[in-house]
Protein chains: 2
Amino acid sequence: MSSSTANQSKTGKWVYSFGGDKTEGQADMRNLLGGKGANLAEMSNLGLPVPPGFTITTDLCTAYYDNDRNYPTDLDGQMSDAMALIEQAVGMKFGDTSDPLLVSVRSGARASMPGMMDTVLNLGLNDETVEGLAAKSGDARFAYDSYRRFIQMYSDVVLEVDHYHFEEILELHKEGKGLNLDTDLDADDWRIVVKGFKDKVEEELGRPFPQSPQDQLWGAISAVFGSWMNRRAVTYRKLNDIPAEWGTAVNVQAMVFGNMGDDCATGVAFTRDPSTGAAEFYGEYLVNAQGEDVVAGIRTPQQLTIKSKEAQHSKLPAMEEIMPVVYGELVDVYKQLEKHYRDMQDIEFTVQQGKLWMLQTRSGKRTAKAALKIAVDMANEGLISKDEAVCRIEPSSLDQLLHPTLDPDAERDILTRGLPASPGAACGEVVFNADEAEVEAAAGKSVILVRVETSPEDIHGMHAAKGILTSRGGMTSHAAVVARGMGRACVAGAGALTVDYAQQVFTVAGRSIKKGDIITIDGSSGNVMMGEVPTVQPELSGDFGALMVWADGSRALGVRTNADTPEDSRVAREFGAEGIGLCRTEHMFFDAERILAVRQMIVAEEETGRREALAKLLPMQRQDFVEIFRIMAGLPVTIRLLDPPLHEFLPHTEEEIAGVAEAAGVDAKYLGHRVKELAESNPMLGHRGCRLGISYPEIYEMQARAIFEAALEVSAEGGETVIPEVMIPLVATAKELEILKAKIAAVADLVATEKGTAPHYLIGTMIELPRAALQAGEIAKEAEFFSFGTNDLTQTTFGISRDDAARFLDDYINQEIFTVDPFVSIDQDGVGELVKIAAERGRSTRDDLKLGICGEHGGDPASVAFCHNTGLDYVSCSPYRVPIARLSAAQAAIQGFATGSD
Amino acid sequence: MSSSTANQSKTGKWVYSFGGDKTEGQADMRNLLGGKGANLAEMSNLGLPVPPGFTITTDLCTAYYDNDRNYPTDLDGQMSDAMALIEQAVGMKFGDTSDPLLVSVRSGARASMPGMMDTVLNLGLNDETVEGLAAKSGDARFAYDSYRRFIQMYSDVVLEVDHYHFEEILELHKEGKGLNLDTDLDADDWRIVVKGFKDKVEEELGRPFPQSPQDQLWGAISAVFGSWMNRRAVTYRKLNDIPAEWGTAVNVQAMVFGNMGDDCATGVAFTRDPSTGAAEFYGEYLVNAQGEDVVAGIRTPQQLTIKSKEAQHSKLPAMEEIMPVVYGELVDVYKQLEKHYRDMQDIEFTVQQGKLWMLQTRSGKRTAKAALKIAVDMANEGLISKDEAVCRIEPSSLDQLLHPTLDPDAERDILTRGLPASPGAACGEVVFNADEAEVEAAAGKSVILVRVETSPEDIHGMHAAKGILTSRGGMTSHAAVVARGMGRACVAGAGALTVDYAQQVFTVAGRSIKKGDIITIDGSSGNVMMGEVPTVQPELSGDFGALMVWADGSRALGVRTNADTPEDSRVAREFGAEGIGLCRTEHMFFDAERILAVRQMIVAEEETGRREALAKLLPMQRQDFVEIFRIMAGLPVTIRLLDPPLHEFLPHTEEEIAGVAEAAGVDAKYLGHRVKELAESNPMLGHRGCRLGISYPEIYEMQARAIFEAALEVSAEGGETVIPEVMIPLVATAKELEILKAKIAAVADLVATEKGTAPHYLIGTMIELPRAALQAGEIAKEAEFFSFGTNDLTQTTFGISRDDAARFLDDYINQEIFTVDPFVSIDQDGVGELVKIAAERGRSTRDDLKLGICGEHGGDPASVAFCHNTGLDYVSCSPYRVPIARLSAAQAAIQGFATGSD
């Protein structure tokens with residue numbers, strides 16, 4: 001027993017009882033007791049029927065790892081006391097041979113954590129106690145069924161003996177006796193199987209299956225704590241930004257049995273529909289089964305309600321029909337729980353011989369669409385406030401609502417239909433395992449992961465895939481739950497599918513689909529289709545609109561968009577963008593019509609040659625701005641002058657050079673020479689940004705002219721005036737801005753003279769270099785606004801090229817140097833300090849300095865919260881992220897602190 | 001007249017008189033009056049014979065440019081008043097036709113400024129006043145000689161009529177009359193020449209030569225101010241870090257005449273020998289000449305002293321011989337001036353009909369060797385303190401003393417001999433013009449610039465050349481003065497040389513040396529040699545040693561060296577390095593013997609393959625450290641673990657790849673694939689530094705082992721123990737250091753177990769990323785020392801790649817965005833703030849944190865001063881810069897503030 005080997009140890013209260021006569025915890029103690037433990041205590045406090053048990057705290061987990069995987073010496077005693085309380089409540093004794101108390105051991109972290117050792121049921125059974133159980137229950141079949149379940153489960157998760165060994169033994173026994181279903185086996189069959197299981201364990205491990213209930217208990221507890229650090233759990237934490245220090249709790253609870261006969265059942269339910277959010281009780285159960293049977297998808301589950309049964313076209317009876325009394329109790333319980341927790345609950349229950357027992361309640365996972373509906377409904381029902389409703393939606397989950405769905409008019413070659421397990425449409429090449437999914441996705445391909453069923457080992461592949469298709473399992477199967485959480489489309493339990501991993505093919509309705517073939521799945525309808533089916537933009541529900549109005553009412557930050565084209569501008573405005581925060585002008589230069597003139601400009605050695613080429617670009621560039629200004633009428637539009645190094649516009653291979661030389665009418669050798677001359681060792685730190693404007697002011701002059709002329713043209717059309725914000729990139733010194741500002745102002749004066757009207761405009765700069773942040777006080781003398789270019793600021797502050805980081809980013813995440821990719825969520829300690837310094841120094845020079853952010857971080861919730869807390873005026877992000885930013889900004893304003901800061 | 005067109009203007013005191021009855025300035029007003037003006041006033045105050053005059057202030061220059069090249073309205077009146085004072089003092093009137101006052105107009109900036117309009121003499125002469133001068137002096141030849149000099153000079157520098165026009169007219173006249181020397185011409189000859197000059201000016205400009213003395217005066221003043229912004233002056237300021245805002249003053253002074261006969265003379269002198277520093281009066285003069293004749297090198301000058309005449313083997317009489325009385329007065333004056341100014345003076349004087357007039361005094365330019373001797377001598381003479389002596393030496397000038405000289409035993413093919421104008425030996429390809437010198441030098445060639453004489457237009461070429469050779473001019477010629485200032489070797493006035501610019505060849509003693517031929521010049525002996533002559537290290541004088549001892553006594557900063565090899569370590573220790581601040585281990589990997597193992601390590605895909613290759617490198621790496629530790633016995637040695645991205649060690653062309661693949665026994669295709677796989681878009685921001693250690697800890701483990709084993713090996717030899725400082729590069733987070741520190745400590749423990757002795761060592765990090773500077777408080781929890789890698793810190797803070805900056809650096813210097821290349825002298829505002837932040841935060845975590853700097857800035861005087869002021873413990877620089885750093889550190893400590901900060 002590990003606890004006795006501790007060489008040093010903390011002491012403390014490690015064990016909290018619940019149920020029975022004494023409940024020590026409550027819901028708000030989830031950090032200490034884990035989610036499951038805290039809620040079991042809370043349900044006990046509410047007077048609900050909870051089997052008595054105790055929770056070993058997350059602090060114990062931390063102490064265990066801090067003390068080199070040894071337990072504190074005072075744990076043993078606390079556990080014995082808590083076990084005595086259970087024994088007293090149920091009137092049975094753990095390990096007693098005539099009336100043995102059996103317990104379940106379950107992990108329970110602060111946040112739900114797939115990948116960890118989950119559950120061991122029926123713990124306490126051995127060759128003697130099984131006989132006691134048989135005698136006491138009067139059901140030897142039940143006792144031996146429980147024992148074989150226990151051996152199989154314990155061996156799998158604690159002793160690490162692969163479960164296929166046991167399945168094989170069971171299958172062989174069934175074949176030998178010509179039996180079909182597990183329920184066909186009688187007590188003697190199970191006795192034989194149990195013997196086979198125990199022999200197998202001894203064969204595999206070289207020692208017998210542990211017979212001491214105490215040893216079994218310590219083994220199970222250690223397995224839970226050990227699984228906290230296994231690969232799958234570590235992966236999940238990495239993907240979900242959960243710190244390892246949180247630790248897990250362990251719940252030890254008296255067993256109740258859903259498998260004692262047909263007056264027994266076990267089930268899981270949601271207090272509202274987790275897929276649509278409809279205020280309808282929704283769930284699945286199995287008669288005469290234990291809990292894991294439902295989740296594992298081994299038997300096809302039955303619906304709780306008649307309505308749901310009909311909707312699913314299920315032939316199996318609903319609980320509402322065959323157990324109306326217990327069902328009625330369950331309905332009372334769920335209503336009480338939802339009202340108490342003020343949120344949709346995901347509950348687990350067992351019915352033992354007609355008595356309802358509650359085994360779990362927690363906030364239920366739901367699709368983004370459901371989350372939205374539930375939040376808006378609950379606010380409308382008066383259960384929560386509008387601000388609470390706003391805070392209930394994970395901003396990044398909106399992504400799911402904004403993704404395209406199948407074009408309703410498109411032709412479909414439907415292969416089969418499964419359960420609509422996670423909404424959204426996805427299309428891609430078929431792959432059959434998680435590793436392959438990851439490899440192909442890394443190579444830039446869209447893939448659909450096809451599995452019989454998924455397990456925690458598959459998480460990385462599910463993350464990499466666009467969609468998941470399984471042939472087995474229900475709406476609460478692993479595949480379905482995880483896909484919804486990740487926002488991946490999922491069709492689950494498409495039973496017509498036969499998956500052949502070895503041949504890398506699946507067959508359905510006589511057709512074979514092999515690895516690499518393209519299929520489309522629709523996670524909202526459950527349809528699986530051959531080939532690529534066109535998609536359309538989602539129509540946003542009224543709930544979305546309502547929530548966004550509430551969010552907009554609460555937020556302080558403005559939300560603009562990064563848009564370079566009229567199309568993007570239009571989409572963004574529809575999503576509620578309040579202007580453009582970053583219009584990159586270089587993308588406009590890559591247009592086929594223009595690239596020739598751009599290249600002529602670049603290869604010109606003298607200013608006159610450059611000016612000639614720029615004159616050709618002027619009308620096209622002006623037209624770009626005219627269109628964007630019309631769309632953004634009445635809103636600010638920030639235009640960044642040319643930023644990338646000129647060589648980005650030039651061809652690189654000899655062949656391309658020859659082609660371009662011919663088209664441009666220049667000597668290929670000369671062009672090749674110029675290409676070589678312009679090449680840079682570190683283009684990111686090269687001749688780009690305002691450095692181009694300093695060397696070739698005529699480029700910026702042309703762009704400024706195009707902006708001013710376009711602004712005057714659109715103003716002249718009547719309607720709301722646009723005020724362009726001219727943004728100079730990559731400034732490191734105030735002097736650069738001073739020089740370029742003077743040149744742009746001169747162009748404005750010239751345009752004013754020519755057109756008879758002075759254009760209104762602001763001039764400002766990107767703050768994207770550490771030096772610019774430090775010199776912000778000086779730079780603000782010249783700048784009317786700052787826009788934080790946190791992509792480049794992250795690159796320079798860390799000295800990490802985004803293009804090259806992939807090679808070591810994994811090492812950095814794995815070794816917890818980065819808790820999150822700093823290009824995804826702003827590094828508040830480093831990059832964030834520079835942003836704060838710049839904001840402070842800039843505003844102390846110019847108190848009405850406009851501050852915004854236009855890096856990718858502008859659409860990341862944690863970063864938006866940071867921007868709010870730093871006092872920026874707005875964030876700017878890609879069009880599809882605009883709603884996310886609006887919501888994040890509202891949450892930051894409501895919560896008054898960073899939501900994602902660490 | 002410009003002053004009348006001023007549309008707005010400042011008022012103020014613009015004019016300061018000197019000489020005569022009223023002297024308004026003094027020496028410490030050089031910022032306002034310029035160096036020349038302030039010293040003329042100071043000499044007047046000392047009662048020395050200074051022709052009366054006035055100075056127009058540098059403020060006026062600034063006001064002139066600020067007001068769009070218009071003069072303040074109150075200038076005119078102040079000038080008239082000051083002119084009246086001159087007239088009163090000399091009893092003559094400016095513009096008077098019977099007894100005209102003539103004046104000189106000279107520029108005079110705060111610092112001596114070649115490249116500007118320098119001097120106009122004899123101003124005030126016109127067709128009428130020349131007759132008055134003739135009558136009054138009784139010497140028509142003198143009057144017309146003065147008039148022709150005035151027209152030629154004024155036309156050249158004010159009217160911009162090229163001087164060759166006038167030389168041609170004069171030559172034609174001499175040929176026509178069969179005359180040889182200028183002195184052969186009589187008054188009538190000069191009258192004819194003057195007529196020709198005036199006609200030429202009218203022909204060139206379309207208007208007559210200005211006859212109004214007032215117009216002449218305003219023209220000359222405007223020419224001085226205008227020349228402040230000419231290309232040569234701007235170039236010079238750029239090279240010498242002189243801000244444009246300083247402006248120049250103008251000095252207007254009554255003419256005295258060195259050309260009124262054989263009792264007249266003009267000369268320049270140094271109070272000590274400017275080449276050697278010997279305490280001997282040293283200078284040149286010409287009888288019956290005006291000042292510019294000496295400097296221009298048109299006539300071969302005579303020596304002042306008999307001793308010097310003999311040393312130079314001159315046939316011409318010394319001033320000491322033929323003008324003993326005036327010479328005696330001059331000796332008294334120079335002694336008084338040196339004592340008064342407490343420094344070696346460079347003086348100009350004119351003797352008019354037996355009377356001595358002082359025209360200028362200033363601190364004399366001198367060679368580094370002379371500066372050293374003068375400073376040490378003066379301290380020993382009690383004239384200045386030792387600290388003053390230390391501060392008298394421009395640290396970067398020590399470079400000259402540390403450069404190699406000719407190997408005395410080497411064979412020499414001497415072509416000719418000139419004046420030893422600037423010490424040091426130089427060797428390179430012959431080029432004949434400044435532009436070519438610049439081009440060839442930029443292409444990486446060493447060049448010797450060969451000219452008849454140099455002029456301010458040649459400065460950029462002189463800067464680019466290793467040495468300068470002229471066929472004309474003395475020790476105070478333009479070539480000599482500028483070369484000494486720049487630390488370039490120079491042989492001047494090698495009269496035997498005939499330079500043919502058109503044919504790009506020079507001939508001497510019947511031999512032709514054409515462009516591209518290699519020659520060697522020795523600026524210390526005056527020898528010019530064919531081909532390349534081997535060189536030897538300089539033997540440092542006792543003065544150097546003495547001054548360094550004084551410097552070391554005053555400085556607080558330690559001085560270490562950047563050395564990767566035993567050779568460098570040895571040289572650095574001889575130069576006084578107190579340890580190694582940066583030993584880069586990657587250079588060791590490029591050794592031919594090792595690169596194969598390095599490449600094997602890189603192409604290995606698995607850790608075991610890498611470990612095998614590293615095992616081969618271990619003994620070699622250990623031996624590197626053993627040698628260095630022996631040399632640095634008793635001193636700290638900071639070793640940086642592998643820093644560059646691995647692809648730097650791989651071949652790049654297909655041919656090289658094939659060769660390496662064969663040698664390494666791997667498939668060429670695989671190697672090519674690996675090379676491509678490792679290539680990076682921005683290697684500077686890529687997979688390098690500690691990121692390598694995180695991904696491939698075995699590399700750092702091997703290096704740590706080599707260090708510890710070497711340290712124990714050297715310790716075991718007895719003698720002083722080395723304490724290696726293991727330095728982790730490119731840290732951005734404390735966690736990186738924490739992880740790597742643990743791995744290195746584990747290696748140390750292992751080595752301790754194996755060898756029975758624990759190695760002593762420190763672990764620290766480079767601070768070379770902005771994030772590291774900001775996170776210094778956290779990082780210091782892990783680091784025992786910081787070394788600021790200001791090269792990379794400059795790159796990331798500015799977002800500028802050093803390798804790519806050349807393309808725009810010129811634009812940045814020209815447009816004054818940078819006053820100095822931030823890679824040469826630390827950017828105190830930006831990079832410097834990060835260094836300060838890091839020092840402060842680091843020390844607040846760990847108060848005994850060792851702080852050093854190991855970027856190139858460690859050898860730059862201004863940056864060393866910054867490091868002193870920031871409280872660093874030491875600087876580290878390349879071996880040859882160690883004395884510079886020692887001296888700079890002492891000056892910073894003595895002066896108590898940054899010497900070069902702006």
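Data block above holds the structure.
1. Focus on the interface of chain B and chain A
Listed as interface residues are 48 residues of chain B and, on the opposing side, 48 residues of chain A. Summed over both sides, the interface between chain B and chain A buries roughly 4300 Å², with carbon and sulfur atoms accounting for 53% of that surface. Contact with chain A buries surface across chain B, with B:Leu685, B:Arg771 and B:Arg807 losing the most and accounting together for 15% of the total. Applying the counting criterion to the chain B and chain A interface returns 4 salt bridges. The salt bridge partner of A:Arg771 is B:Asp827, with a shortest N-O separation of 2.6 Å. For the pair chain B and chain A, the number of links is 25 residue pairs in polar contact (both at pLDDT 80 or more). Residues of the side of chain B that touches chain A, tallied by class, amount to 19 nonpolar, 14 polar and 15 charged.

2. Regarding unusual backbone geometry
The phi dihedral of A:Gln353 falls on the positive side, at around 45°, and the residue is not glycine. Tracing the backbone shows A:Gln353 in the loop between β11 (345-352) and β12 (355-363). Given the relative accessible area of 45%, A:Gln353 is considered partly exposed. Backbone geometry at B:Asn122 places phi at a positive 60°, although glycine is not the residue there. Relative to the helices and strands, B:Asn122 resides in strand β6 (residues 119-123).

3. So, the pattern of salt bridges
Within this structure, the stated rule accounts for 105 salt bridges over all chains. We note a salt bridge from A:Arg451 to A:Asp458, for which the minimum N-O separation is 3.8 Å. With relative accessibility at 7%, the residue A:Asp458 sits in the buried group. With a closest N to O distance of 2.5 Å, B:Glu280 and B:Lys307 form a salt bridge. Of this pair, B:Glu280 sits in the loop between β8 (265-270) and β9 (282-287) while B:Lys307 sits in helix α11 (residues 306-311), and the two are 27 residues apart along the sequence.

4. As for the relation of the copies chain B and chain A
Least-squares fitting of chain B to chain A yields an RMSD of 0.2 Å, with the transformation described by 0.3 Å of translation along the axis and a rotation of 180°. Taken together, the rotation and translation describe the operation of a two-fold axis. A share of 100% of the interface residues of chain B reappears at the interface of chain A, consistent with the copies meeting face to face through the same patch.

5. As for empty space enclosed by the protein
This model, assessed by the stated rule, comprises 6 cavities of 30 Å³ or more. Considered as a void within the structure, the largest cavity measures approximately 100 Å³ in volume. Among the residues forming the lining of the largest cavity, the class breakdown is 5 nonpolar, 5 polar and 1 charged.

6. Observations regarding the environment of A:Arg237
Residues and elements named next belong to chain A. For Arg237, the position within the fold is in helix α9 (residues 231-239). You can call Arg237 buried: its relative accessible area is 4%. Once the C-alpha coordinates of Arg237 and Gly855 are considered, the two residues, 618 residues apart in sequence, prove to be 26 Å apart. Setting aside residues no more than four positions away along its own chain, Arg237 makes contact with Met113, Trp228, Met229, Ile242, Pro243 and Ala244.

7. A word on the sheet that holds strand β17 (residues 447-451) of chain B
All names here are of chain B. Reading across from one edge, β14-β24-β23-β16-β17-β18-β19-β15 is the order of the 8 strands in this open sheet, with mixed pairing throughout. With one partner strand each, in any of the chains shown, β14 (413-417) and β15 (419-422) form the two edges of the open sheet. For this sheet, the mean inter-axis angle between neighbouring strands, taken without regard to orientation, is 30°.

8. Considering the pairing of strand β32 (residues 850-853) of chain B
All names here are of chain B. Across 4 bridges, strand β31 (residues 785-788) lies against β32 in parallel orientation. Note on β32: the bridge partner recorded for Phe788 is Ile853. By the bridge criterion, 2 bridges tie β32 to strand β33 (residues 874-877) in an arrangement that is parallel. Counted as the bridge partner of Ile853 is Val875 from β33. Considered for its hand, the β-α-β crossover made up of β32, helix α35 (residues 861-870) and β33 is right-handed.

The rules behind these values
Residues numbered from 1 in each chain as written. Chains lettered and ligands numbered in written order. Predicted model: local features only at pLDDT ≥ 70, side-chain atom pairs only at ≥ 80, totals over all residues. Heavy atoms only, no water. Contact = heavy atoms within 4.5 Å. Buried area = accessible area lost by both parts, 1.4 Å probe. Salt bridge = Lys/Arg side-chain N within 4 Å of Asp/Glu carboxyl O. Polar contact = N/O pair within 3.5 Å; in protein donor to acceptor, adjacent residues only side chain to side chain. Nonpolar A, V, L, I, M, F, W, Y, C, P; charged D, E, K, R; others polar. Helix = DSSP H or I, 4+ residues; strand = E, 2+ residues; numbered from the N terminus. Buried < 20%, exposed > 50% of the residue type's maximum accessible area, 1.4 Å probe, protein only. Least-squares fit on C-alpha atoms with pLDDT ≥ 70 in both. 1 Å grid on protein atoms, 1.4 Å probe; cavity = no way out; pocket = protein on both sides within 12 Å on 5 of 7 lines; lining within 4 Å. Points joined across faces, edges and corners; volume = space filled by probe spheres on them. Pairing = 2+ DSSP bridges. Axes fitted to C-alpha atoms, helices over the stretch in contact; angles between N-to-C directions. Right-handed = clockwise from strand over helix to strand, strands pointing away.

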